[in-house]
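Structural description and commentary
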Protein chains: 4
Amino acid sequence: MGNTFGKLFKITTFGESHGKALGAILEGCPAGLELDEEKIRLEMQRRKPGQSKITTQRKEEDEIEILSGVFEGKTTGTPIGIVIRNADQKSKDYTHIADKFRPSHADFTYFEKYGIRDYRGGGRSSARETAARVAGGAIAKQFLATQGITVQAYVSQVGELTLQKNYQELSLDLAEDNIVRCPDPEMADQMISLIDSVRLDRDTIGGVVSCVIKNTPAGLGEPVFDRLHAELGKAMLSINAVKGFEYGSGFEGVKMRGSLHNDAIVKEGDKVKTLTNHSGGIQGGISNGEDIYFRVAFKPVATIMQDQESINEAGEAVTVSGKGRHDPCVVPRAVPIVEAMAALVIADYLLLSKTNKLAQL
Amino acid sequence: MGNTFGKLFKITTFGESHGKALGAILEGCPAGLELDEEKIRLEMQRRKPGQSKITTQRKEEDEIEILSGVFEGKTTGTPIGIVIRNADQKSKDYTHIADKFRPSHADFTYFEKYGIRDYRGGGRSSARETAARVAGGAIAKQFLATQGITVQAYVSQVGELTLQKNYQELSLDLAEDNIVRCPDPEMADQMISLIDSVRLDRDTIGGVVSCVIKNTPAGLGEPVFDRLHAELGKAMLSINAVKGFEYGSGFEGVKMRGSLHNDAIVKEGDKVKTLTNHSGGIQGGISNGEDIYFRVAFKPVATIMQDQESINEAGEAVTVSGKGRHDPCVVPRAVPIVEAMAALVIADYLLLSKTNKLAQL
Amino acid sequence: MGNTFGKLFKITTFGESHGKALGAILEGCPAGLELDEEKIRLEMQRRKPGQSKITTQRKEEDEIEILSGVFEGKTTGTPIGIVIRNADQKSKDYTHIADKFRPSHADFTYFEKYGIRDYRGGGRSSARETAARVAGGAIAKQFLATQGITVQAYVSQVGELTLQKNYQELSLDLAEDNIVRCPDPEMADQMISLIDSVRLDRDTIGGVVSCVIKNTPAGLGEPVFDRLHAELGKAMLSINAVKGFEYGSGFEGVKMRGSLHNDAIVKEGDKVKTLTNHSGGIQGGISNGEDIYFRVAFKPVATIMQDQESINEAGEAVTVSGKGRHDPCVVPRAVPIVEAMAALVIADYLLLSKTNKLAQL
Amino acid sequence: MGNTFGKLFKITTFGESHGKALGAILEGCPAGLELDEEKIRLEMQRRKPGQSKITTQRKEEDEIEILSGVFEGKTTGTPIGIVIRNADQKSKDYTHIADKFRPSHADFTYFEKYGIRDYRGGGRSSARETAARVAGGAIAKQFLATQGITVQAYVSQVGELTLQKNYQELSLDLAEDNIVRCPDPEMADQMISLIDSVRLDRDTIGGVVSCVIKNTPAGLGEPVFDRLHAELGKAMLSINAVKGFEYGSGFEGVKMRGSLHNDAIVKEGDKVKTLTNHSGGIQGGISNGEDIYFRVAFKPVATIMQDQESINEAGEAVTVSGKGRHDPCVVPRAVPIVEAMAALVIADYLLLSKTNKLAQL
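Because the structure is predicted, anything quoted here is derived from the model rather than measured.

Conventions we followed
Residues numbered from 1 in each chain as written. Chains lettered and ligands numbered in written order. Predicted model: local features only at pLDDT ≥ 70, side-chain atom pairs only at ≥ 80, totals over all residues. Heavy atoms only, no water. Core = buried A, V, L, I, M, F, W, Y, C linked by side-chain atoms within 4.5 Å. Buried < 20%, exposed > 50% of the residue type's maximum accessible area, 1.4 Å probe, protein only. Contact = heavy atoms within 4.5 Å. Least-squares fit on C-alpha atoms with pLDDT ≥ 70 in both. Helix = DSSP H or I, 4+ residues; strand = E, 2+ residues; numbered from the N terminus. Buried area = accessible area lost by both parts, 1.4 Å probe. Polar contact = N/O pair within 3.5 Å; in protein donor to acceptor, adjacent residues only side chain to side chain. Nonpolar A, V, L, I, M, F, W, Y, C, P; charged D, E, K, R; others polar. Salt bridge = Lys/Arg side-chain N within 4 Å of Asp/Glu carboxyl O. UniProt positions renumbered as here; feature names shortened; annotations may be inferred. Pairing = 2+ DSSP bridges. Phe/Tyr/Trp six-rings, centres within 6.5 Å; stacked < 30°, edge-to-face > 60°. Lys NZ or Arg CZ within 6 Å of the ring centre and 35° of its normal.

**Notes on the nonpolar core**
Core analysis: the largest hydrophobic core is formed by 371 residues, its most contacted members being A:Phe294, B:Phe294, C:Phe294 and D:Phe294. Beyond its immediate stretch of four places on either side in the chain, D:Phe294 contacts D:Val209, D:Ser210, D:Cys211, D:Ile213, D:Leu232, D:Met236, D:Phe245, D:Glu246, D:Tyr247, D:Val338 and D:Ala342.

**As for the relation of the copies chain C and chain A**
Expressed as a screw operation, the relation of chain C to chain A combines 0.0 Å of axial shift with a rotation of 180°, fitting to an RMSD of 0.0 Å. Overall, the copies show the geometry of a two-fold rotation axis. For chain C, the minimum C-alpha distance to the rotation axis belongs to C:Lys354 and amounts to 3.4 Å. Interface overlap between copies: 100% of the residues of chain C at the interface are likewise at the interface in chain A, consistent with a symmetric, same-surface contact.

**A look at the relation of the copies chain B and chain A**
With an axial shift of 0.0 Å and an RMSD of 0.0 Å, the rotation relating chain B to chain A amounts to 180°. By residue overlap, the copies meet face to face through one surface: 100% of the interface positions of chain B are interface positions in chain A.

**Regarding the environment of C:Ala241**
All names here are of chain C. One can find Ala-241 in the loop between α5 (228-237) and β11 (242-247). Judged by relative accessible area, Ala-241 falls into the partly exposed class, the value being 24%. Ala-241 sits 42 residues away from Arg-199 along the chain, and the two C-alpha atoms are 18 Å apart. Not counting residues within four places of it along the chain, the set of residues in contact with Ala-241 comprises Ala-297, Phe-298 and Lys-299.

**A word on the environment of C:Lys214**
Turning to its location among the elements, C:Lys214 is positioned in strand β10 (residues 207-214). With 61 residues separating them along the chain, C:Lys214 and C:Leu275 place their C-alpha atoms 16 Å apart.

**Quick word on the interface of chain C and chain A**
As a measure of interface size, the accessible area lost when the parts come together is often cited. Contacts between the two partners involve 16 residues from chain C, matched on the other side by 16 residues from chain A. A buried area of about 1300 Å², summed over both sides, lies between chain C and chain A, and 74% of it is on carbon and sulfur atoms. On the chain C side of the interface with chain A, the three residues burying the most area are C:Thr355, C:Leu358 and C:Leu361, jointly 43% of the side's total. Seen at the junction of chain C and chain A, the total is 4 residue pairs in polar contact (both at pLDDT 80 or more). Among the elements of the structure, α3 (130-146) and α8 (331-353) of chain C are those that each provide at least two residues to the side of chain C that touches chain A. Along the lines of polarity and charge, the residues of the side of chain C that touches chain A split into 9 nonpolar, 5 polar and 2 charged.

**Looking at unusual backbone geometry**
When glycine is set aside, most residues are seen to have a negative phi, and most peptide bonds are trans. In the segment running from C:Pro223 into C:Val224, the intervening peptide bond is cis, with an omega of 10°. You will see that A:Glu72, though not glycine, has its phi angle at about 50°, which is positive. For A:Glu72, the position within the fold is in the loop between β5 (70-71) and β6 (74-75). Backbone geometry at C:Arg202 places phi at a positive 60°, although glycine is not the residue there. Take C:Arg202: it is sitting in the loop between α4 (185-200) and β10.

**Side note on the interface of chain B and chain A**
Taken residue by residue, the interface counts 105 residues in chain B and 105 residues in chain A. Looking at the side of chain B facing chain A, the largest losses of area belong to B:Lys113, B:Phe225 and B:Lys243, adding up to 11% of the total buried there. The tally of links from chain B across to chain A stands at 8 salt bridges. In this structure, B:Lys234 engages A:Glu231 in a salt bridge whose closest nitrogen and oxygen atoms are separated by 2.8 Å.

**A short note on the UniProt feature "binding site: FMN" (unreviewed entry) in chain A**
All names here are of chain A. In the numbering adopted here, UniProt assigns the feature "binding site: FMN" (unreviewed entry) to Arg-124, Ser-125, Ser-126, Asn-240, Ala-241, Gly-284, Lys-299, Pro-300, Val-301, Ala-302, Thr-303 and Arg-325. Spanning 202 residues, the annotated positions stay apart in the fold, the maximum distance between their C-alpha atoms being 44.4 Å. Structurally, the position occupied by Arg-124 is in the loop between α2 (107-114) and α3 (130-146). Given the relative accessible area of 4%, Arg-124 is considered buried. Within the structure, Arg-124 has its side chain in polar contact with the backbone oxygen of Gly-15 (distance 3.0 Å). Along the polypeptide, Ser-126 turns up in the loop between α2 and α3. The class for Ser-126 is buried, based on a relative accessible area of 14%.

**Comments concerning the sheet that holds strand β1 (residues 4-5) of chain A**
Spatial ordering of the open sheet is given by β1-β2-β3-β7-β4 (chain A), a layout of 5 strands whose pairing is antiparallel. The strands lining the two open edges of the sheet, one partner per strand, are β1 and β4 (64-66) of chain A.

**Focus: the pattern of salt bridges**
Think of it this way: side chains of opposite charge can pair up when their charged atoms draw near. Taken as a whole and judged by the stated rule, the model has 124 salt bridges over all chains. Taken together, the shared-partner salt bridges connect A:Glu43, A:Arg46, A:Lys141, A:Glu176, A:Arg181 and A:Glu339 into one network.

**Let's talk about the UniProt feature "binding site: NADP(+)" (unreviewed entry) in chain A**
Residues and elements named next belong to chain A. When the UniProt feature table is mapped to this numbering, "binding site: NADP(+)" (unreviewed entry) covers Arg-47 and Lys-53. Summarising the element assignment, Arg-47 is placed in helix α1 (residues 37-47). Residue Arg-47 is classed as buried on the basis of its relative accessible area, which comes to 2%. Apart from residues lying up to four places away in sequence, Arg-47 is in contact with Asp-62, Ala-127, Arg-128, Thr-130, Ala-131, Val-134, Arg-333, Pro-336 and Ile-337.

**With respect to the pairing of strand β10 (residues 207-214) of chain D**
Residues and elements named next belong to chain D. The element β10 is extensively covered by neighbouring structure, given that 7 of its 8 residues are classed as buried. Both strand β8 (residues 150-158) and β10 contribute to a ladder of 8 bridges, which runs antiparallel. For Val-151, the partnering residue across the bridge sits in β10 and is Ile-213. By the bridge criterion, 7 bridges tie β10 to strand β16 (residues 292-298) in an arrangement that is antiparallel. Its bridge partner lying in β16, Cys-211 is registered against Phe-294.

**Observations regarding the side chain of D:Lys234**
Of note, D:Lys234 is situated in helix α5 (residues 228-237). Among residues more than four places away in sequence, those in contact with D:Lys234 are C:Lys7, C:Phe225, C:Asp226, C:Ala230, C:Glu231, C:Lys234 and D:Phe5.

**Focus on the packing of aromatic side chains**
Residue and element names in this part refer to chain C. Applying the stated criterion across every chain, the model contains 34 aromatic pairs over all chains. Look at Phe-9 and Phe-143: their rings are 5.8 Å apart centre to centre, the planes differ by 20°, and that puts the pair in the stacked class. One end of the pair, Phe-9, is in the loop between β1 (4-5) and β2 (10-14); the other, Phe-143, is in helix α3, with 134 residues separating them in the sequence. Both residues of the pair, Phe-9 and Phe-143, count as buried. A cation over an aromatic ring shows up here: Lys-113 above the ring of Tyr-114, its NZ or CZ 5.7 Å from the ring centre.

So, in structure tokens, the structure goes:
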């Protein structure tokens, strides 16, 4: 239980950080999609380790191999099997923690749950698993592109450094121009400096990824439990290190009065619009056609290059030393992961919406 | 799609605000539970309208009738059917908005999705649907009680008024002593005054509900997608008017360094503990046995007693006037709903955890 | 687990034979369907007890009440809640077997599974549960009618009496002209006599229900596990007393050679056809547009009006005496149940098929 | 939709006949199982082509590679990824049918459903997909062995040749001593001769596989829709070429009277038993602890070495010539597939049963 996401457009992942391979099965992608493998590789590049001085220096090429579901360049409607071999498995980096529980990692909880664990690099709990999600999400993105829908994420906060502009005041395409993936060049510089100084302190720091989805039709969402934002929230909270999710006005909206918060509805030409968008493009759990936007909080990475007190499997007090090659801040590499999960949700809900009305069947 | 929540311990709800009845089917509750119907009624009382001057003055008794699944006072393992008749259906209150889309309501989105809508009181999108959840959650709570697990929520913010103390500095039982359900009596008074003044302004305001779950065993959670906090987050985001969810250190934790954020592990007697609990009782998506705590943001209620600009189904500009009897702030009545959904999640994950290890089968 | 059937067009049932009520939640029925409640009632009449001398003489009116999901005569896309009150609850008929396990009933297995059971009339294991399915299936049928699809079942065997003609040689509409629901009047008379004589022997006998589905489009089916016939088979096997399912050439087809069994494909005008239909309208688990037909085997009813040896909950040998009012043969009343389940499957797979091709989205 | 089977113990498969690879993800296998890879390989051998003169002469080694979920020889509770590379891809064998619809194959229906198809060897519709199931089922079998449960299938009919003895009169272990997998040596010889003569006729023939599951505890099954035999039936009907399923007394039981069909319950020592077992080990959809047995009908293979009339994608009449290397009768190789699917169902339902009673939690 728990390795599949989605109802019609579904992803199932497998694989541990230092096993033979990771992979995914992507189901429900409509048949007839011309698949551009190069675009999948580009997404993998955005997530892969070692891409800049502020990410982990591990070298993994994250080459994908598509094993099924594509014929003569097009999807066939059958499941798309994807494998990503683990190349750079420095498992010996982990023997020093083989029986130790690293603080704020999943070592203890996996051991309690299963009575056994693959300690190498966190095993299944490693963020390496998200490589499989990015591959699947890259296909979802290509499907969404055929419907005119785009998904774009960026870093909006690192530690205390917070981008004050909202997404409409920014050129989101600038995010890919710098290694921290913040679309404001000045703020990007500050963020990079901060992460670099944290790294030199052998420490880590948290951050926030913001995301905008444009051109979704009105009508996506499956109330009452599978509201569109509930599914988006779950998708984001399923990403490693995520501690919070808010959409539209979010936690700040709590402070507003209804008379200010409500989004007045108007008609412009043929299109129904709202004058403001505190709703974040979703009302009653269903998209209204406005931009969908949300924020995702990532905690500071648990692996730090310092000694920490903990216990081992025998319950004895031990010191855990930081070794290996890790990210001082996870958000720059989290950007494509957030996009991947968002794309998977929207693709799924788009398919679901096709079955709602007798009129459209 | 979308009317069922849970995998093994499942709730399915039906019903509109002004139809004949609401109801729920609760599946998977283990057989042999002595069911106390009075306790279910008490939970219904906590959610029902008209309970104080700061809630809507609608009168609904919300009487539940259990139709199946219980025999001689005990659950039998078969589905528990519950019906709640709609008594106080002032449907004529809604004829004035029959073809109008109320701002920031689900009127427009339901119409776009289904091409038809029950406009009376918001139909299926009404928060009245949560009555069925509270009934189901009350049974989940009784199941959890047999395992020693408690779920307790309270109001921690209304508008700008924010309770600065964390849950460990409060006597949570005091929350039920005042009508706003804030466990700090002084803050409660301020919150009540604020809501009352907002009400007199014919306006509404948002708030935050906090929740604490105690005594869960380590090992609950179904990574990678169905992490315990991801499912809790989805459960909360599926509640009407919710805009955000965070657990443990949440959005604030973003600002911390890993060296401070990490929770050191120690052994006290037989029990593994953490010295701090920024993790919010969940690591790698699996409970570690510490208290689970989280916060849920509720927007200001969309129905205000003021005129607002909007359009009707024909796309013509119209004025929507506020009528009917509505809550100026939703959080006091949201407390039992948050508890209900939390209890349903924990009950479900407790059952799932029984199948993890060969050793325990 | 186990009380829901379907993926998009879903039914969830609840209720015991002698509890307060049975019911169903029907989800996923497309919005905008004009619902004819009278047609639902007609289906309920076909299933209800006491309808003829060869069915049980219990009197239950099986009145349905629709609680939600329908507004001004049309479905709204929200769940349709249905309740059927239990009127004729002669629970005292069952006190004599309160702690006894009736042979070939579910008394022992429910007790082993749950440790507790509602012994009155078999509780949840009673075929009375199928009343809720017939109500849901009647709505599915109305949906299918908008797509031109029909589902028609009939009795083709009682004991050794087997209708030798296949469905194309029969006027299926004649089935409703006699109380055994066999479309061959002569065979019907023989079957009625046989059932009547079995009844006078205070015994019971088995039978077969055949079913034909016409006008399904090609393309319904979800390989590899959810093949159309696999889902139909599960639907049928989920009906009380069913012991077998076969479609197309079935068990007899085993004896044929491929050269005879294969259905040659031809084009007649615009339509692709097969010259024979041993495939039963399904190839590779997907409908091909030909008639879908299948057979369902029902065992003799377990309740007989004779003394039988068994044990009680304490493990002591006891005699179980046949009391109450029961069917000597279940197939006449099973006809609408088979149709209901078949309609639910086809409705579900029709919705699923809308999401297969990029071209049709 | 449709590539996953199971609720807790789940298999998801991917892959086409002539793509790069097939594979499976097996989820929910309890942690701590010592996995014997050799036993998986033995099951693969039983299914693989080219194993005898009465099976296809294609040579595929069907080597499995386990990519995840196993650490130091034990399952870890995380998904087990399995890949089987396609070695012997004689895709050119299929160019002659690239745009033709083979009679009684899935060529036409896949084309109608998806608008595109991988014509090589039937693509996803090929029985080659069952290799992935056998790998997963082999792991399920090892799990069941820890609970003392065995699953054993054998060939009981080929064409008109029917084994008259029931499973209790046979030594089932003898089935593996001959190439047709019939435990009666004399009948086996006849069956082999029949298949051989059919092969020489360039034709094919159907058959029946019987299966027995021993030592299941009472209490497995999830009524009302997920009855144990309904899930077993669906599992079997999901296998290529299957046309029917019956359990216990099956279609023959229809002819019996209830007084003979009912299984009297007795207590022998500590164990509750039935004197007969027409119920096939399942009552009310729940196992009663007796042997579970069922029969599965396989049609004659659609690929024959003869010319057949059909049409192509353009709708033109064409001749389809039989080429390639195919099985004259599918049942000898179907035996391990039936066992695999049965093992997956029982493993799944065993896990589900752990959550039924408050008493056992």
